Amino acid sequence: MMHRIKLFAAFLLTFSVLFVGLPVRAAAPDPVRGRSAMVASQHELASRIGADIMRKGGNAVDAAIAVGLALAVVYPEAGNIGGGGFMLIRRADGKAFAIDYREMAPKAAGRDIFVNKDGELIRGEGGSQIGYRASGVPGTMAGFDLAFKKYGSGKIKWADIVDPARRLAVNGYVLSHRLASLLIGYKEHLAKYPDSNRIFLNNGKYFKEGDLFKQPELGATLARIQKLGAKEFYTGETARMIAADMKANNGLITLEDLKNYVAKDREPLRGTYRGHEIITMPPPSSGGIVMLQILNMLEGFDVKAMGHNSSAELHLYTEASRRAFADRAEYMADPDFADVPTAMLTNKAYATRRITGFDPKKAFASSNTRPGNVTGGEGTETTHYTVVDPAGTIVSNTYTINDLYGSRVTAKGTGVLLNDEMDDFAARPGKPNLFGLIQGERNKVEGGKRPLSSMTPTIVMRKDGKPWFAVGARGGPRIISAVMQTVINVIDFEMNIQQAIDAPRIHHQWLPDEIYWEQFGISADTRNIMTSYGHAFNERPGNIASATGIMIDKEGVRLGAIDSRSDGAAVGY
Ligand code: GLY
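Values in this document were obtained by computation on a predicted structure and should not be read as measured data.

Colleague: Please clarify how the side chain of Thr383 should be interpreted in this entry.
Modeller: Along the polypeptide, Thr383 turns up in strand S10 (residues 383–388). Take Thr383: its relative accessible area is 0%, and that puts it in the buried class. What Thr383 contacts, discounting residues up to four positions off in sequence, is Gln42, Leu71, Tyr75, Ala78, Gly79, Asn397, Thr398, Tyr399 and Arg474.

Structure below.
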């Protein structure tokens, strides 16, 4: 009898620990823990390199540069030195900085450069997505240079930051199944460009999982940059090779364009959600404004009471997104070329007006949704990584060559894959781009201008003002939805960073008027209810972006998370 009582007591204890004593959890692995520092990126080798830089005394900015250079080698579909992006930095002293190293249109580019004489978009070579004319002047090296000089620790030499990436390119690394098959998947266009064909397709013989993948030209380019500094990319042999290849192939980027490229140190965009400060990216990314607009609209509703991914909540997300993306199309662009009413668009009173008319049981057709009356005032692409150092500096960095493998052009002799960021301009204002996004006149092509982006590197603070988590994503305009839903999952649903990133999500971008959703992510019942409200679901469900992030718990432990939708690793110590 005594034995049975003991067994019963043991059962009760186990039951209470398993089901009562622990918080209710979304299904996700535990985040990776580090007591001092953490790097979360989409490739383990790159994350390890970042962690090593911090172990040697570098700060999060030094580490972020080393990670970015390493990803250019081990994650060539999006990691780059031939593209551009945004680096958000928050130091432990509370100061925050937003480095804009978005590509700039070559001087010779103009409004109708991608339209033929019949007014149709030029497809393939010569268009905004494939080939030599698709590239903006790359900003990555200038952005990293600015970050290093202004915000680096000063304890690690530039040459030591570049060296790990250079060695990876020269010595090679073992190709994963994912990268080997992805390269073959993109052979159609990569094969058209001789250096891309040789480097990435093994001259048509292709690479397979387990092969040692070396990139000697990229290694030589990195060696020049290591020795001569980032300016080598813009004024040295690398610049001359890029400009010569452009000239030989009807491209537009000249030596002058490269020399004139400037990275900008911008004021970060700040907003709040339910009392938490949110620091994010200002234009030329639309990401920060659109996310804050949506969050501002949601703040007037008890999202938690609706229930996570309930029809009520997803309907509200959709309606708020529809309105914010309509504003994106009209108002957002490079602020150095167009008036962007950022303050007004991120104003809480404006959001309240914008969501007025929301019907909890009825979709509001996009054809009836015009951009708001403002007064007074991008798939599967891109890559995001996050770094937190022992002193508490946070770097949230998103950079890209736009489409996977960018324009598919590797500039002759350099090993550098060039971006197709010109497609983020409104190639035909009012008509859809690669992501089906409609954009307006403000974002038309102009020489020297930066195309509008959706990249949303973000840092969220606790109510006591201490940093809480940093997150960002890849995936064109879906980035905004992924980051926004991660923020809500943490703040409203009290998820940890891994749960918040892994949870199923949706995306709506005004036009086309349909909800993008993830297979098995939303129940058929929920979809049926939303369909009865008048929503249409995209016929081909697929992943909505992929995110990486780091949370800092109350004891200061760094918790790293990689989206289970993608590869990568969080490495901490
Ligand atoms: N090229 C994707 C973005 O900038 O949003």
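Colleague: Just checking my understanding: could you explain the pairing of strand S15 (residues 467–474) for this structure?
Modeller: In regular strands, side chains alternate between the two faces of the sheet. The buried fraction of S15 is high, at eight of eight residues. Summarising the sheet, strand S14 (residues 458–461) and S15 pair through four bridges and their orientation is antiparallel. Note on S15: the bridge partner recorded for Ile459 is Ala470. Linking S14 to S15, which pair antiparallel, is a turn of five residues; within it Gly465 sits at a positive phi near 90°. With six bridges connecting them, S15 and strand S18 (residues 546–552) associate as antiparallel partners. Within S18, the residue paired with Ala473 across the bridge is Ala547.

Colleague: Even after reading the chapter, I still don't get unusual backbone geometry, so can you show me in this structure?
Modeller: Excluding glycine, residues mostly carry a negative phi; peptide bonds, for their part, are mostly trans. Backbone torsion omega between Pro283 and Pro284 reads 20°, so that peptide bond is classified as cis. In this structure, Pro284 sits in the loop between strand S9 (276–280) and helix H13 (287–298). In this chain, Leu511 is followed by Pro512 through a cis amide linkage whose omega measures -5°. Residue position: Pro512 is located in the loop between strand S16 (506–507) and strand S17 (516–517). The residue Asn250 is not glycine, and still its phi comes out positive at about 65°. Position of Asn250 among the secondary structure elements: in the loop between helix H11 (237–248) and helix H12 (255–259). A positive phi angle is found at Phe520, which is not glycine, with a value near 65°. Position of Phe520 relative to the elements: it lies in the loop between S17 and helix H20 (524–532).

Colleague: Please explain the sheet that holds strand S3 (residues 84–90) as it appears in this structure.
Modeller: Backbone hydrogen bonds are what pair the strands of a sheet, in a parallel or an antiparallel way. If you trace the seven strands from one edge of the open sheet to the other, you get S7-S4-S3-S11-S10-S2-S20, paired in antiparallel fashion. The open sheet has two edge strands with one neighbour each: strand S7 (264–266) and strand S20 (569–572). Sheet twist, expressed as the mean angle between neighbouring strand axes with direction ignored, is 15°. With four bridges joining them, strand S2 (residues 38–41) and S20 adopt antiparallel strand pairing. Bridge pairing links Met38 to Gly572 in S20. Across the sheet, helix H3 (residues 60–74) is in contact with S2, S3, S10 and strand S11 (394–400); its angle to S10 comes to roughly 150°. On the sheet, helix H4 (residues 140–151) packs against S3, strand S4 (96–101), S7, S10 and S11 and is oriented at approximately 155° with respect to S4.

Colleague: So what exactly am I meant to see when it comes to the packing of aromatic side chains here?
Modeller: Within a pair of aromatic rings, the relevant descriptors are the distance that separates the centres and the angle that separates the planes. The final tally for this structure, using the stated rule, is 16 aromatic pairs. On the basis of an interplanar angle of 40° and a centroid distance of 6.1 Å, the ring pair of Phe144 and Tyr399 is categorised as tilted. Overall, the relative accessible area of 0% leaves Tyr399 in the buried class. Each member of the aromatic cluster is reached from another via a ring pair, and the members are Tyr173, Tyr186, Phe200, Phe207, Phe213 and Tyr405. Over the ring of Phe364 we find Arg323, and its NZ or CZ is 5.1 Å from the ring centre. Against the face of Tyr516 rests Arg478, its NZ or CZ located 4.4 Å from the ring centre.

Colleague: Help me out: how do you make sense of the packing of H13 against helix H18 (residues 478–491) in this one?
Modeller: H18 packs onto H13 with a crossing angle of 45° between their chain directions and a minimal axis gap of 10 Å. Considered as vectors, H13 and H18 are oriented oblique to each other. You can see that H13 and H18 cross each other, and the crossing is right-handed. Together, Gly287, Val290, Met291, Ile294, Leu295 and Leu298 of H13 and Ile480, Val483, Met484, Val487 and Ile488 of H18 make up the contact between the two elements. Along the lines of polarity and charge, the residues of the contact of H13 with H18 split into 10 nonpolar, one polar and no charged.

Calculation rules
- Residues numbered from 1 in each chain as written.
- Predicted model: local features only at pLDDT ≥ 70, side-chain atom pairs only at ≥ 80, totals over all residues.
- Heavy atoms only, no water.
- Helix = DSSP H or I, 4+ residues; strand = E, 2+ residues; numbered from the N terminus.
- Buried < 20%, exposed > 50% of the residue type's maximum accessible area, 1.4 Å probe, protein only.
- Contact = heavy atoms within 4.5 Å.
- Pairing = 2+ DSSP bridges.
- Axes fitted to C-alpha atoms, helices over the stretch in contact; angles between N-to-C directions.
- Phe/Tyr/Trp six-rings, centres within 6.5 Å; stacked < 30°, edge-to-face > 60°.
- Lys NZ or Arg CZ within 6 Å of the ring centre and 35° of its normal.
- Parallel < 35°, antiparallel > 145°, perpendicular 65-115°, else oblique.
- Left-handed = near helix turned anticlockwise from the far one by under 90°.
- Nonpolar A, V, L, I, M, F, W, Y, C, P; charged D, E, K, R; others polar.

So, to be careful, I would describe these as geometric facts and stop short of saying anything about function.
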